[in-house]
Amino acid sequence: MAYTKFIPELWAEKIQRENEKMLVLAKLCNRQWEGELKKKGDTVHILGIGAPTLGDYDGTAIEAPETLADTSIPLVIDKAKYFNVLVDDVDRRQAAGDIMEYILQEASEALAVQEDSDIATCISAGVKSENKIAAASVTATGDTSARRYLQKAKTMLYKNGVKKNSEIVAVVSPDFLERVEIEVENLETDNTKTATNGFVGKTSGISLYLSNNIHTESTKEHIYVMTRRAVAHASQINEVKAYSPEDLFADAVKGLNTYGTKVVRPGELVVLEVTAYA
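Rules used throughout
Residues numbered from 1 in each chain as written. Predicted model: local features only at pLDDT ≥ 70, side-chain atom pairs only at ≥ 80, totals over all residues. Heavy atoms only, no water. Helix = DSSP H or I, 4+ residues; strand = E, 2+ residues; numbered from the N terminus. Contact = heavy atoms within 4.5 Å. Salt bridge = Lys/Arg side-chain N within 4 Å of Asp/Glu carboxyl O. Buried < 20%, exposed > 50% of the residue type's maximum accessible area, 1.4 Å probe, protein only. Pairing = 2+ DSSP bridges.

*Asks:* Lay out the environment of glycine 255 in plain terms, naming residues and giving numbers.
*Replies:* By secondary structure assignment, the location of glycine 255 is in strand β11 (residues 250–263). For the pair glycine 255 and leucine 111, spaced 144 residues apart in sequence, the C-alpha separation works out to 9.9 Å. Not counting residues within four places of it along the chain, the set of residues in contact with glycine 255 comprises Lys81, Tyr82, Phe83, Glu239 and Val240.

Encoded structure:
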């Protein structure tokens, strides 16, 4: 008989909740379409409308109404990651506490790391080439300092049309953060964000988030500077199930996490390509 304390809906909710606590990049994405996507292959079409043409009014008749161009960007649930863990009856009796709790906590962490890593890969693939800034050697001070590169990225976003009052966030690696903190000893903090996943402080009007799941491409580490509208993401713990494998004196638990990511506002995303730190 499978684990008697197991209630699938409650455990799925628990894993989703624990997963959310550990995610960094996912928290910085637009997730408003999450409830519409449930399983791998599901797609939602994100609609956009072009800007209208403005005319000069001279008091006479105006021109006929124009038809605005519309766009449709598909957000597809294309990732499905599962875990399937065996729990020997002897191990369960010898463990202090509820071993299933420990297993599902570890599963939540593993799923979160994988999900954030896949988001990073998608962001790196979706950035426009003209929105990449080469950073051959990032230092702590001077014109090649980490903070200076953040400022360059912010300036590029403003030139791309990002509004001055838009929140700009940066996902940084431990090495990049170290250089920032050498130059800026005390990062600005916001008490409303201190409990937010990965938030470490603010500098030059940019909120910094620390992650170990930064994408690396051809030895270049990617640092993301963007708005919260730049990337769309949706995820769902589809199923968590306890069962008893045949011919074994043991229980097992398995779960499935499905998700998808899409860069939907490429003008609001800049990637710093860091080759080395000095």
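Next comes the rest of the account.
*Asks:* Can you break down the pattern of salt bridges residue by residue, with the values?
*Replies:* Within this structure, the stated rule accounts for 10 salt bridges. With its nearest N and O atoms 3.3 Å apart, the salt bridge here joins lysine 39 to aspartate 42. The buried category is assigned to aspartate 42, whose relative accessible area is 17%. Between arginine 228 and glutamate 167 there is a salt bridge, and its shortest N-O distance comes to 2.9 Å.

*Asks:* Quick rundown of the pairing of strand β12 (residues 269–274)? Include the residues and the values.
*Replies:* Most of β12 is tucked away: 6 of the 6 residues are buried. Every second residue of β12 is oriented toward a common face, with Leu269, Val271 and Glu273 on one face and Val270, Leu272 and Val274 on the other, all of them buried. Judged from the 4 bridges that link them, strand β4 (residues 132–135) and β12 form a sheet pairing that is parallel. In the strand pairing of β12, alanine 134 is matched with glutamate 273. By the bridge criterion, 6 bridges tie strand β9 (residues 220–227) to β12 in an arrangement that is antiparallel. Counted as the bridge partner of histidine 222 is glutamate 273 from β12.

Fair warning: the whole summary comes from geometry, so function is off the table for now.
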